[in-house]
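# Report on the structure
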There are 2 protein chains.
Amino acid sequence: MIQIAVLGYGIVGSGVVEVIERNNAEVSRRAGEEMHVKYILDLRDFPGDPYEEKVVHDYNLILEDAQISIVCEVMGGVGDAYQFTRQALEAGKSVCTSNKELVAKHGAELIALAAANGCHYMFEASVGGGIPIIRTINNAMTPERIEAVTGILNGTTNYMLTKMEQESADYEEVLKQAQALGYAERNPEADVEGHDACRKIAILSSLMAGKNVDSEKLYTEGIKGIAAADFAFAKEANMTIKLLARAKLMEDGSILAMVAPFMVPKDHVLAMVNDVFNGVFVTGNMLGDTMLYGHGAGKLPTASAVAADVIECARNQGRQILCIWEETEAKLVDVAESERKFFVRAKRDGGKAVEDVFAGSICLELAEYPNELGFITPVMKERELQAGCEALGDLILNKIRLM
Amino acid sequence: MIQIAVLGYGIVGSGVVEVIERNNAEVSRRAGEEMHVKYILDLRDFPGDPYEEKVVHDYNLILEDAQISIVCEVMGGVGDAYQFTRQALEAGKSVCTSNKELVAKHGAELIALAAANGCHYMFEASVGGGIPIIRTINNAMTPERIEAVTGILNGTTNYMLTKMEQESADYEEVLKQAQALGYAERNPEADVEGHDACRKIAILSSLMAGKNVDSEKLYTEGIKGIAAADFAFAKEANMTIKLLARAKLMEDGSILAMVAPFMVPKDHVLAMVNDVFNGVFVTGNMLGDTMLYGHGAGKLPTASAVAADVIECARNQGRQILCIWEETEAKLVDVAESERKFFVRAKRDGGKAVEDVFAGSICLELAEYPNELGFITPVMKERELQAGCEALGDLILNKIRLM
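Note that the structure is a prediction, hence the values are computed from the model and not measured.

Residues and elements named next belong to chain B. Spatially, the 6 strands line up as an open sheet ordered E3-E2-E1-E4-E5-E6, and their pairing is parallel. Two strands bound the open sheet, and with one partner strand each, they are strand E3 (55-56) and strand E6 (121-122). Direction of pairing for strand E1 (residues 2-7) relative to strand E4 (residues 68-73): parallel, over a ladder of 5 bridges. Considered in E4, the bridge of Leu7 is made with Glu73.

Rendered as structure tokens:
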């Protein structure tokens, strides 16, 4: 029998217990051994909870119990979670986590620590919730040079952008809706400013490069600047707007990665990833394009991903699970030097100055926005676009990259 | 060093050699050991081919070479391929295949034979080409009870249906186009009659049930009966038509599986799977809905899937890879007893007889087809619909299931 401990009895933690106990026949069959949750670590008590007798408050109980070979860290944060993870790995207990902040910050170090102690650090649930993107990169795309990953990796902002498109609504309006439904937090910054998606693309980029990509160094732009007018122009151009987390592996092994709103053609499969769903579009040099789609968050989908990691640990006791993410820092490409097309929305009364700057662009006009013009530029460097927009000052209302 | 043999130097076989040799850095790194193709078995010679010196004609050379631990069977068919596979497995050599016909027919037996001989029978490339659906079921969805799989698993027919929709063209017209482009074979029956998709859903159903699902017992209907008029009515109902391979795991462990054209709502993600692409929509009891999308065929995507299997074999020498597919036959549900909505296209001059049979249905009328009526029925049993249509004889022009 394999016994596990769950650290943190919040939404994901209670989901992990539920998946392992409710689907115990499936879980134990695939693990090759009966599997049960022995401890749940939390500061609180849970009187009346069906698993209340498993709740403990002292982590040392878990660390010192030789029957515990796998620990699920679903507490979040980088304080206690980091210490607890290190201690478990040093004690030879594998750790499975949904904690993207910790994985983005200390992934390489914890993978190495696990390997040194003959156990595993697994983090399928840290990116894309129930979408098996980590396993797909590490186990399925093994013969591939993965050239690019483009993901809709944050359900909250995707829900908001979908509503903005469907209801021609403005940002503030849909934020309130999302908060009322519990999709957005009262302090929504981590989602709407793109930090959550940034951590996830840093994790995926690190796996693409095999080296560490520091999430704090990635260009990150959120969705606060997106207005109903942007969606109106996008529609005119047969596009929609999505918050994309993108990473490209360059010929020399360096990584170009960023998070920003992008205009996406309506006939691209990523345009079909709506509401709280996530999607990850991966391009391999042999495989071509592939996409994975599913629930990017939520109690049971995330818990299922953690449980899949637990099963993989159970099946691989005493041997290595393939995961190449070294502590060396990957070389990052300066986003300002990258090239693409842009959508720019400008005041119509800019007259010749605006027209001069966007000379080679396609110009869009909309009856509903008579005082504005939309431009779709030719391919240009980010810094060229930036310079052009700066010269026009407040004539520029918004600019959005094209996918 | 791990040395492999490739059986069959056709499209997929040459792709396998290309993936392993061109992406050798990635392949060897992930395999944990240098990996090379030592032999290519084919009846023909390939003068001038870069790998011509690897070509051999005698399979015994491969069987008797102790250096060969992995064999890629990409010959196709169930004659020699079956014998060669058995011989390799009996010699303790793992076999990786793209041969869906053989996997559908003898999968359970060959998996058991591999296990008995301490090696592996791997078949990622047999379903969905480059889409890692087998690995997702076997490795990622391990804590799940997989309740349903709905796949667009045949690129040829998906290409044809996409063209029929986009160009309002008839079946015969697009078949000629597809043949001219090399997407359809001169004898297209295996694709257009649904047999190819049927083998694939039999494989996926077997993995869902953990028992053997006999492809020959599955209800299979192809796309020959689909006309331009059907797409016109589908459009009116905001739907499209896809050839779906579906399997549902019932409460009692029995399987309801079939291949048939279905009307799919335009806002469902499967409706976005166009041209030669494949998509597999999977529902787990914890995970909810997930979809995998990608190239369902083609030299390099299929070869990449074979190579991923080769790497997994290399990393798992002497130990088991999880794959539950027993030789016991799964219980199948009679499709006639299953319930759903249907689209029925009938002659308008059927008058009251037609209207009586489709009393509770939504009726569609199209100016372009003034002599026809479309009906979308309420949920009913297949056999009830069948009986209603039989009573109306040749007043019924076509009937298509709704997803």
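And the narrative resumes.
A word on the relation of the copies chain B and chain A. Expressed as a screw transformation, the operator carrying chain B onto chain A has a rotation angle of 180° and an axial translation of 0.0 Å, and the superposed copies differ by an RMSD of 0.0 Å. These values place the two chain copies in the arrangement generated by a two-fold rotation axis. When C-alpha positions in chain B are compared against the rotation axis, the closest is assigned to Leu292 of chain B, at 2.3 Å. When the interface residues of chain B are mapped onto chain A, 100% of them are again interface residues, pointing to one common binding face.

All names here are of chain A. Tallied over the entire structure, the rule returns 18 aromatic pairs over all chains. Measuring from ring centre to ring centre gives 4.7 Å for Tyr159 and Tyr183, while their planes differ by 70°; the resulting arrangement is edge-to-face. Of the two residues, Tyr159 is situated in helix H7 (residues 155-167) and Tyr183 in the loop between helix H8 (171-180) and helix H9 (189-192); the sequence distance between them amounts to 24 residues. By relative accessible area, which is 6% here, Tyr159 ends up buried. With relative accessibility at 38%, the residue Tyr183 sits in the partly exposed group. Ring centres of Phe233 and Phe343 lie 5.8 Å apart, and the angle between their planes is 40°; this geometry places the pair in the tilted category. In this pair, Phe233 sits in helix H11 (residues 228-236) while Phe343 sits in strand E14 (residues 342-347), placing the two residues 110 residues apart along the sequence. An aromatic cluster is defined as three or more aromatic residues linked by ring pairs; in this entry it consists of Tyr121, Phe123 and Trp325. Just above the ring of Phe262 sits the side chain of Arg246; from NZ or CZ to the centre is 5.0 Å.

Moving on, we get to helix H12 (residues 299-315) of chain A. In this model, H12 of chain A (17 residues) spans 24 Å end to end at C-alpha, consistent with the 24 Å of a helix rising 1.5 Å per residue. Counting buried positions along H12 of chain A yields 15 of 17 residues, so the element is predominantly enclosed.

The next thing to look at is the side chain of Lys54 of chain A. Residues and elements named next belong to chain A. Here Lys54 is to be found in the loop between strand E2 (35-41) and strand E3 (55-56). Within the buried core, Lys54 has no salt-bridge partner, and the shortest N-O distance to an opposite charge, that of Glu53, equals 4.3 Å. Not counting residues up to four positions away in its chain, the partners in contact with Lys54 are Val37, Lys38, Tyr39 and Ile40.

A few words on the confidence of the model for chain A. Of all residues in chain A, 100% have pLDDT values of 70 or greater, and the mean over the chain is 96. If you check the scores for this complex, the pTM reads 0.96 and the ipTM reads 0.94.

We now examine the interface of chain B and chain A. Each side of the interface is counted separately: chain B has 50 residues, and chain A has 51 residues. Taking both partners together, chain B and chain A bury about 4400 Å²; carbon and sulfur atoms supply 57% of that area. The tally of links from chain B across to chain A stands at 2 salt bridges. In this structure, Arg29 of chain A and Glu326 of chain B form a salt bridge, with 3.0 Å as the shortest nitrogen-oxygen distance. Along the contact surface separating chain B from chain A lie 18 residue pairs in polar contact (both at pLDDT 80 or more). Where the side of chain B that touches chain A is concerned, the elements lending two or more residues are helix H1 (11-22), helix H2 (24-31), helix H6 (133-140), strand E12 (288-295) and helix H12 (299-315) of chain B. If one sorts the elements of the side of chain B that touches chain A by residue count, E12 of chain B sits on top with 8 residues.

Next up on the list: unusual backbone geometry. Peptide bonds are trans in most cases, and residues, glycine excluded, mostly fall at negative phi. Of note, Asp275 of chain A is a non-glycine position whose phi angle comes to about 55°, a positive value. Relative to the assigned elements, Asp275 of chain A resides in the loop between strand E10 (255-265) and strand E11 (277-284). Assessed through its relative accessible area of 30%, Asp275 of chain A is described here as partly exposed. Non-glycine residue Ser168 of chain B carries a positive phi angle of around 45°. Tracing the sequence through the fold places Ser168 of chain B in the loop between helix H7 (155-167) and helix H8 (171-180).

By the definition in use, this model includes 5 cavities of 30 Å³ or more. Taken as a whole, the largest cavity encloses approximately 360 Å³ of empty space. Contributing elements (two or more residues each) for the lining of the largest cavity: helix H6 (133-140) and H12 of chain A together with H6 and H12 of chain B. Counting residues per element, the lining of the largest cavity draws most heavily on H12 of chain A, which supplies 4 residues.

Residues and elements named next belong to chain A. Viewed as axis vectors pointing N to C, H6 and helix H10 (residues 195-209) meet at an angle of 0°, and their least axial separation amounts to 11 Å. Considering their axes alone, H6 and H10 lie roughly parallel with respect to each other. Here Ile133, Ile134, Ile137 and Asn138 of H6 come into contact with H10, specifically with Ile203, Leu204 and Leu207. Partitioning the contact of H6 with H10 into residue classes produces 6 nonpolar, 1 polar and no charged.

Another aspect to go through is the sheet that holds strand E1 (residues 2-7) of chain A. Note on sheets: strands pair through backbone hydrogen bonds, and any given pair is parallel or antiparallel. Residues and elements named next belong to chain A. The parallel open sheet is built from 6 strands, whose spatial order is E3-E2-E1-E4-E5-E6. Unpaired on one side and paired on the other, E3 and strand E6 (121-122) mark the two borders of the sheet. Taken together, the 2 bridges between E2 and E3 define a ladder with parallel strand orientation. Of the residues in E3, the one forming a bridge with Ile40 is Val55. In the packing of helix H1 (residues 11-22) onto the sheet, the strands contacted are E1, E2 and strand E4 (68-73), and the crossing angle to E2 comes to about 160°. Sheet contacts for helix H4 (residues 80-90): E1, E2, E4, strand E5 (94-97) and E6; angle to E5, the most-contacted strand, approximately 145°.

Right, let's talk about the environment of Ala359 of chain B for a bit. Along the chain, Ala359 of chain B turns up in the loop between helix H13 (351-357) and strand E15 (362-364). Remark: the alpha-carbon pair of Ala359 of chain B and Thr377 of chain B, spanning 18 residues in sequence, is separated by 8.5 Å.

Rules behind the numbers
Residues numbered from 1 in each chain as written. Chains lettered and ligands numbered in written order. Predicted model: local features only at pLDDT ≥ 70, side-chain atom pairs only at ≥ 80, totals over all residues. Heavy atoms only, no water. Pairing = 2+ DSSP bridges. Helix = DSSP H or I, 4+ residues; strand = E, 2+ residues; numbered from the N terminus. Least-squares fit on C-alpha atoms with pLDDT ≥ 70 in both. Contact = heavy atoms within 4.5 Å. Phe/Tyr/Trp six-rings, centres within 6.5 Å; stacked < 30°, edge-to-face > 60°. Buried < 20%, exposed > 50% of the residue type's maximum accessible area, 1.4 Å probe, protein only. Lys NZ or Arg CZ within 6 Å of the ring centre and 35° of its normal. Expected span 1.5 Å × (residues − 1). Lys, Arg positive; Asp, Glu negative; His and termini not counted. Salt bridge = Lys/Arg side-chain N within 4 Å of Asp/Glu carboxyl O. pLDDT = per-residue confidence, 0-100. Buried area = accessible area lost by both parts, 1.4 Å probe. Polar contact = N/O pair within 3.5 Å; in protein donor to acceptor, adjacent residues only side chain to side chain. 1 Å grid on protein atoms, 1.4 Å probe; cavity = no way out; pocket = protein on both sides within 12 Å on 5 of 7 lines; lining within 4 Å. Points joined across faces, edges and corners; volume = space filled by probe spheres on them. Axes fitted to C-alpha atoms, helices over the stretch in contact; angles between N-to-C directions. Parallel < 35°, antiparallel > 145°, perpendicular 65-115°, else oblique. Nonpolar A, V, L, I, M, F, W, Y, C, P; charged D, E, K, R; others polar.

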